[in-house]
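Examining the three-dimensional arrangement
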Amino acid sequence: MIKYIYEILQEFENAQTTQEKQNILKSNVTPYLLQLLKNTFDPNIKFYMNQFPKEYKTPDTLPGIRYSGIESEIHKSYLFQIGNPIADKLSQTKRIQLLTELLESFEPQEAQIFVNMMKKDLKIPKLTAKLVKETFPNLI
């Protein structure tokens, strides 16, 4: 069974040693986890936005109940990346609309992770670019 991204990050946070933390990342490796880590720690990836749009309304869903999740939507992060030809053509109004819709389809925890990714800081102690490079040498 594939875990939700926030479950993987919580498990990582609870691990005691660097080796345990790396093992958690490796044992839960999926394309969406790798994309999340790349988007967060690759210094060449920058985002137009790095906060919740003021139009965002926190969904009142329970954990595990959502319209969509990071695993199926992380590929849309290109819409918010500076330098992406498609994203660069979008108006700021359209970007805000797309981000709001995307975040409102997630559980609140996942929405926060997505915003933290765009801030380039997942807010997980010891989850650093150095650790990611050591764990996945060709990722960033």
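See above for the structure.
Reading the values: rules and limits
- Residues numbered from 1 in each chain as written.
- Predicted model: local features only at pLDDT ≥ 70, side-chain atom pairs only at ≥ 80, totals over all residues.
- Heavy atoms only, no water.
- Phe/Tyr/Trp six-rings, centres within 6.5 Å; stacked < 30°, edge-to-face > 60°.
- Lys NZ or Arg CZ within 6 Å of the ring centre and 35° of its normal.
- Helix = DSSP H or I, 4+ residues; strand = E, 2+ residues; numbered from the N terminus.
- Polar contact = N/O pair within 3.5 Å; in protein donor to acceptor, adjacent residues only side chain to side chain.
- Contact = heavy atoms within 4.5 Å.
- Buried < 20%, exposed > 50% of the residue type's maximum accessible area, 1.4 Å probe, protein only.
- Core = buried A, V, L, I, M, F, W, Y, C linked by side-chain atoms within 4.5 Å.
- Axes fitted to C-alpha atoms, helices over the stretch in contact; angles between N-to-C directions.
- Parallel < 35°, antiparallel > 145°, perpendicular 65-115°, else oblique.
- Left-handed = near helix turned anticlockwise from the far one by under 90°.

**Observations regarding the packing of aromatic side chains**
Aromatic ring pairs are reported here in terms of the distance separating the ring centres and the angle at which the planes meet. Under the definition given, this model contains 4 aromatic pairs. Members of the aromatic cluster, connected to one another through ring pairs, are Phe80, Phe106 and Phe114. A cation sits over an aromatic face here: Lys21 above Phe12, 4.8 Å from the ring centre. Note that Arg95 overlies the ring of Tyr48, its terminal NZ or CZ placed 3.6 Å from the centroid.

**A look at the side chain of Thr135**
Relative to the helices and strands, Thr135 is located in helix 8 (residues 129-135). Polar contacts involving the side chain of Thr135 include one to the main-chain carbonyl oxygen of Leu131, which spans 2.7 Å. For Thr135, the contacting residues outside a window of four places in its chain are Gln22, Leu25 and Lys26.

**Concerning the environment of Asp42**
Within the fold, Asp42 resides in the loop between helix 3 (31-41) and helix 4 (70-73). At a separation of 2.8 Å, a polar atom in the side chain of Asp42 contacts the main-chain amide nitrogen of Asn44.

**Focus on the environment of Lys119**
With respect to the element layout, Lys119 can be found in helix 7 (residues 108-119). Assessed through its relative accessible area of 39%, Lys119 is described here as partly exposed. Counting along the chain gives 68 residues from Lys119 to Gln51, while the straight-line C-alpha distance between them is 7.3 Å.

**Notes on the nonpolar core**
In terms of nonpolar packing, the biggest core is built from 39 residues, with Leu37, Phe80, Phe114, Leu122 and Leu127 touching the most fellow members. When residues of this core are traced back to their parent elements, those giving at least two are helix 1 (5-14), helix 2 (18-27), helix 3, helix 6 (92-104), helix 7 and helix 8. Element by element, the count of residues in this core is highest for helix 7, at 6 residues. Apart from residues lying up to four places away in sequence, Phe114 is in contact with Ile70, Ile74, Ser77, Phe80, Leu99, Leu102, Leu103 and Phe106.

**Considering the packing of helix 1 against helix 2**
Put simply, helix 1 and helix 2 touch, their axes get as near as 8 Å, and they point 165° apart. The orientation of helix 1 relative to helix 2 falls into the category roughly antiparallel. Pair helix 1 / helix 2 crosses with right-handed handedness. Judged by residue contacts, Ile8, Glu11, Phe12 and Glu13 of helix 1 engage Lys21, Ile24 and Leu25 from helix 2.

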